[in-house]
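Residue-level structural notes
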Amino acid sequence: MMDWTALGVSLWLGVGTVLLLLPLAIWLGRRLAFSQFAGRGFVEAAVALPLVLPPTVLGFYLLSAFGMGSWLGAGFQALFGRTLAFSFEGLLLASAIANVPFAVQPIQNGFSAIPANLREAAATMGMTPWQIFRRIELPLAWPGIATATVLSFAHTLGEFGVVLMVGGAIPGETRTAAIAIYDRVQAFDDRAAGIMSAVLLVVCLVSLLLVQRLSKRVGRAGPRV
Amino acid sequence: MSDHGLSLRLQSASPIALDLEMSCAPGELIAIVGPSGAGKSTTLRAIAGLYQPQQGLVRCAGQTWLDTSTRLALPAHLRRVGLVFQDYALFPHMTALGNLLAAMGHVPSKERVPRALKLLERVHLSGLEERRPAELSGGQQQRVAVARALARDPAVLLLDEPFSAVDRATRRRLQAELATLRQSLAIPMVLVTHDLDEAVALADRMVLMHRGRGLQTAAPAEMLLRPASAEVARLLDLRNVFTGTVISHAADRTLLRWQDQVLEAAPAPGFAIGQLVDWLIGAGGILLHRRGRPSLGERENPVTGCVLALLPLGEEIRVQLDIGDTAGGTLSFTLPRHVVQRNGLQLGEECTVSLLRDSLHVMGRP
């Protein structure tokens, strides 16, 4: 039968990943687009790393970092009284890290596409750097930001390797729809696996269409004044 | 220097060489001219606060915007400048009205829209307020850019090649509009252009820049008649520069030796007897002698040469004479087509002209 709990975990994970990642990706993407700084090449390579690293390798390192032996894992345990590994919070953090390239790169491209003289014009018109960011850069980089949102969300729904390594498959906590499908197939329950796959397919498609539409509307017609 | 106008002194060795001093009074329009890469736009950017020279002083309307000696450098958004960019830099996601409103942060919010509408009316854009830049023609975009620069209530108006991106007919119209508009503006205006005709038509004074250096500042007509050096003359596309020696000075003339001939020049008492100088004969100062009939002013600096080239330029013909200058200089001037025909000027023929003394200008050599 359909595992609604697993689907709920997946959706929450997707939304949480986007919310956690977006502010960071906007800050980093903008910096990479506009400023020259030492170690820029290294940062760009690090951002792209999750794209080429096998999910199991990434998962392994994250699992080590979340364990009781690390300051992160120990700190979380001290604060909340439970382990970061095999928890929803740990999964969220892992998912955010695995999605860095999907969020940062489109946003960096979005900011890069803004002609430098538009920002200069805004400055000569008396706008402060913050006003320039809010009124000129954000609206013009919006297509990139929307793409980053869609990609991170969709990629989170489909993530398997990292989730399995870091989260295991604890029902209601870390068992996502993708993992539930794998479990069903392992149990020769093809019917349940088929239903869940179809549901996930529809959810992914609908969310993609939804955000795509949204990005088009804001990007093209935007606020008029 | 006037306290209400703009005054600046810029000096930089790298990355862009700059060495310029200029001032501009309220209501005055100064054109910075010079070839590409002369540092014209960089100068504007330094005034606006978009470029920081190694050393410099920029003062405007009694306020110091840049003083490297006291490490003062006001950021761009705190300088009251109206800058019209070469490609206008309009915000594509805002309407024409929105572009203006974005520059009016200093105006009480209730007054913004009426004032912006008034400005758009002033640049003949009424009815197009709600259009986005992409929905406007090049000329209309330029007008939005000018109105937006004024919407800031600037203390100085800076125009960076504002007519270069439109076709010829539109350019003429926009230039005429600017000439009208400037009459109502009581602020210094600085126009950067590589088009000398544009500078002559619009500017009160002209600053000629080359390789970051200000070579001469003068009224356009004055600079064309009396360039400071042969280099200035060359940059202004003035031909007919030769080299001679000062022989003597009188109250109304200076005598020069050029080749084996003595020439009378406009008085140039600043040069020592025997000094090697460059001299220029202005375009209006070359008079053709008619064949077989004495002409007016015939005895004034007669120079005989051989017709080297006849280049038709529409209704005029550019005549190039080989006048035996040992440095290889030739004399060129334009004549109406019918004058060339009537006088039977042909390649290889001999021809005599007079160089009018008042147009013969003496310049120092570096």
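To start, this report covers the structure provided alongside it. In every chain, residue numbers begin from 1 and rise along the written sequence. Following the order in which they are written, the chains are lettered starting with A and the ligands numbered starting with 1. Under the rules for a predicted model, residues below a pLDDT of 70 receive no local features and side-chain atom pairs below 80 are neither given nor counted, while totals for whole chains, interfaces and linings still include all residues. Side-chain measures were taken over the full set of non-hydrogen atoms in the model, leaving aside hydrogen atoms and water.

**Quick word on the overall build of chain B**
Helix and strand counts for chain B come out as nine helices and 21 strands. Counting only C-alpha atoms and orienting by the principal axes, one finds that chain B spans roughly 80 × 50 × 35 Å. Sorting the 366 residues of chain B into buried and exposed places 49% on the buried side. For chain B, contacts bridging at least 24 residues in sequence account for 65% of all contacts bridging at least 6. Counting rule applied: Lys, Arg positive; Asp, Glu negative; His and chain ends not counted. Working definition for charges: the position is that of NZ of Lys, CZ of Arg, CG of Asp or CD of Glu. Taking the 39 positively charged and 36 negatively charged side chains of chain B as two groups, their mean positions are separated by 4 Å. Helix numbering and strand numbering both begin at the N terminus, where a helix is a DSSP run of H or I of at least 4 residues and a strand a DSSP run of E of at least 2. Between buried and exposed lies partly exposed: a residue is buried under 20% and exposed over 50% of the maximum accessible area for its type, with that area taken using a 1.4 Å probe on protein chains only. Every residue pair with non-hydrogen atoms within 4.5 Å of one another is taken to be in contact.

**A few points about the side chain of Thr42 of chain B**
Residue position: Thr42 of chain B is located in helix α1 (residues 40-48). Dropping the residues within four chain positions of it, Thr42 of chain B is found in contact with Ile16, Leu18 and Tyr51 of chain B.

**Details of the packing of helix α1 (residues 4-34) of chain A against helix α6 (residues 100-112) of chain A**
The geometry of a pair of packed helices is captured by two quantities: the angle between their axes and the separation between those axes. All names here are of chain A. Two elements in contact, α1 and α6, have axes whose closest approach is 8 Å; the angle formed by their N-to-C orientations is 45°. Compared by their axis directions, α1 and α6 come out oblique. α1 and α6 meet at a crossing whose hand is right-handed. Within the contact between the two elements, α1 uses Leu21, Leu22, Ala25, Ile26, Leu28, Gly29, Arg30, Leu32, Ala33 and Phe34 and α6 uses Val100, Ala103, Val104, Ile107, Gln108, Phe111 and Ser112. As a working rule, the residues Ala, Val, Leu, Ile, Met, Phe, Trp, Tyr, Cys and Pro are called nonpolar, Asp, Glu, Lys and Arg charged, and the rest polar, with Gly in that last group. Of the residues contributing to the contact of α1 with α6, the split by class is 13 nonpolar, three polar and one charged. An axis is simply a line fitted to the C-alpha atoms; with a helix, the fit covers only the stretch in contact. Between two such axes, the angle follows the N-to-C directions and lies from 0 to 180 degrees. An angle below 35 degrees is treated as roughly parallel, one above 145 as roughly antiparallel, one from 65 to 115 as roughly perpendicular, and anything else as oblique. Should the near helix be turned counterclockwise from the far one by less than a right angle, the crossing is left-handed, whereas a clockwise turn marks it as right-handed.

**Side note on the sheet that holds strand β17 (residues 302-313) of chain B**
Residues and elements named next belong to chain B. Being paired, for any two strands, means DSSP has found at least two bridges between them. Spatial strand order, β16-β20-β17-β18-β19: five strands in an open sheet with antiparallel pairing. The sheet terminates laterally at β16 (286-288) and β19 (331-336), the two strands that pair on one side only. Taking the axes of each pair of neighbouring strands and ignoring which way they run, one obtains an average angle of 45° across the sheet.

**Concerning the state of the cysteines**
Residue and element names in this part refer to chain B. In what follows, a disulfide is any cysteine sulfur pair within 2.5 Å. Using the criterion set out here, one finds zero disulfides over all chains in the structure. Just so you know, Cys60 is unpaired, no disulfide at all, and the nearest cysteine sulfur is the one on Cys24, 8.9 Å from it. Overall, Cys60 belongs to the buried group, its relative accessible area being 0%. Here Cys351 is not cross-linked by a disulfide; its sulfur's nearest cysteine counterpart is in Cys306, at 9.5 Å. On the basis of relative accessible area, Cys351 is assigned to the buried category, the value being 4%.

**Regarding the packing of aromatic side chains**
Planes of paired rings set the category: under 30 degrees apart is stacked, over 60 is edge-to-face and the rest tilted, where pairs are Phe, Tyr or Trp rings (Trp by its six-membered ring) whose centres lie within 6.5 Å. As enumerated under the stated definition, the model contains eight aromatic pairs over all chains in all. Residues Phe160 of chain A and Tyr182 of chain A carry aromatic rings whose centres are separated by 5.2 Å and whose planes lie at 70° to one another, so their mutual orientation is edge-to-face. On the criterion of sequence distance, the pair formed by Phe160 of chain A in the loop between α8 (129-158) and α9 (161-167) and Tyr182 of chain A in helix α10 (residues 177-186) is long-range, its members being 22 residues apart. Between the aromatic rings of Phe242 of chain B and Trp258 of chain B, the centroid separation amounts to 6.1 Å while the plane-to-plane angle is 65°, which identifies the pairing as edge-to-face. In this pair, Phe242 of chain B sits in strand β12 (residues 241-249) while Trp258 of chain B sits in strand β13 (residues 254-258), placing the two residues 16 residues apart along the sequence. In this structure Phe242 of chain B comes out as buried when scored by relative accessible area, which is 1%. Of the residues examined, Trp258 of chain B reaches a relative accessible area of 1% and is grouped as buried. Joined through ring pairs, the aromatic side chains of Phe242, Trp258 and Trp279 of chain B make up one cluster. A positively charged side chain is recorded as over a ring if its NZ (Lys) or CZ (Arg) lies within 6 Å of the ring centre. The angle to the ring normal must also be within 35 degrees. We note Arg31 of chain A situated over the ring of Phe37 of chain A; from NZ or CZ to the ring centre the distance is 4.7 Å. Sitting over the face of the ring of Phe91 of chain B, Arg148 of chain B holds its NZ or CZ atom 4.8 Å from the ring centroid.

**What about the nonpolar core?**
Taken as a class, soluble globular proteins show a tendency for nonpolar side chains to be buried jointly. By size, the foremost hydrophobic cluster in this structure holds 114 residues, and its most contacted members are Leu6, Ile47, Trp65, Phe91 and Leu158 of chain B. Tallying contributions element by element places α8 of chain A first for this core, with eight residues. Dropping the residues within four chain positions of it, Leu158 of chain B is found in contact with Leu44, Ile47, Ala48, Val81, Gly82, Leu83, Val84 and Val190 of chain B. Within this scheme, the nonpolar core is defined by two criteria: the residues are buried Ala, Val, Leu, Ile, Met, Phe, Trp, Tyr or Cys, and they are joined through side-chain atoms within 4.5 Å. One finds Ala268, Val277, Leu345 and Leu355 of chain B within the second-largest nonpolar core, a separate group that totals 30 residues.

**With respect to α1 of chain B**
All names here are of chain B. By the criterion of burial, α1 is predominantly enclosed, with seven of the nine residues buried. Taken residue by residue, α1 has Lys40, Thr42, Thr43, Leu44, Ala46, Ile47 and Ala48 as its buried positions. Downstream of α1 by a residue or two, Gly49 has a phi angle that is positive, lying close to 90°.

**As for unusual backbone geometry**
All names here are of chain B. At the junction of Ser14 and Pro15, the peptide bond is cis and its omega measures out at -5° in the coordinates. Secondary-structure assignment places Pro15 in the loop between β1 (6-12) and β2 (18-24). Of note, the phi angle at Ala61 is positive, near 50°, even though the residue is not glycine. Its location among the elements puts Ala61 in the loop between β4 (55-60) and β5 (63-67). Within the chain, Asp153 stands out as a residue other than glycine whose phi angle is a positive 55°. On the accessibility criterion, Asp153 (30% relative accessible area) is partly exposed.

**A closer look at the sheet that holds β13 of chain B**
All names here are of chain B. Across the sheet, five strands lie side by side as β14-β13-β12-β15-β21; this open sheet has antiparallel pairing. Every other strand in the sheet has two partners, leaving β14 (261-265) and β21 (360-363) as the edge strands with one partner each. On average, each strand axis in the sheet is tilted by 45° relative to the strand beside it, whichever way the strands run.

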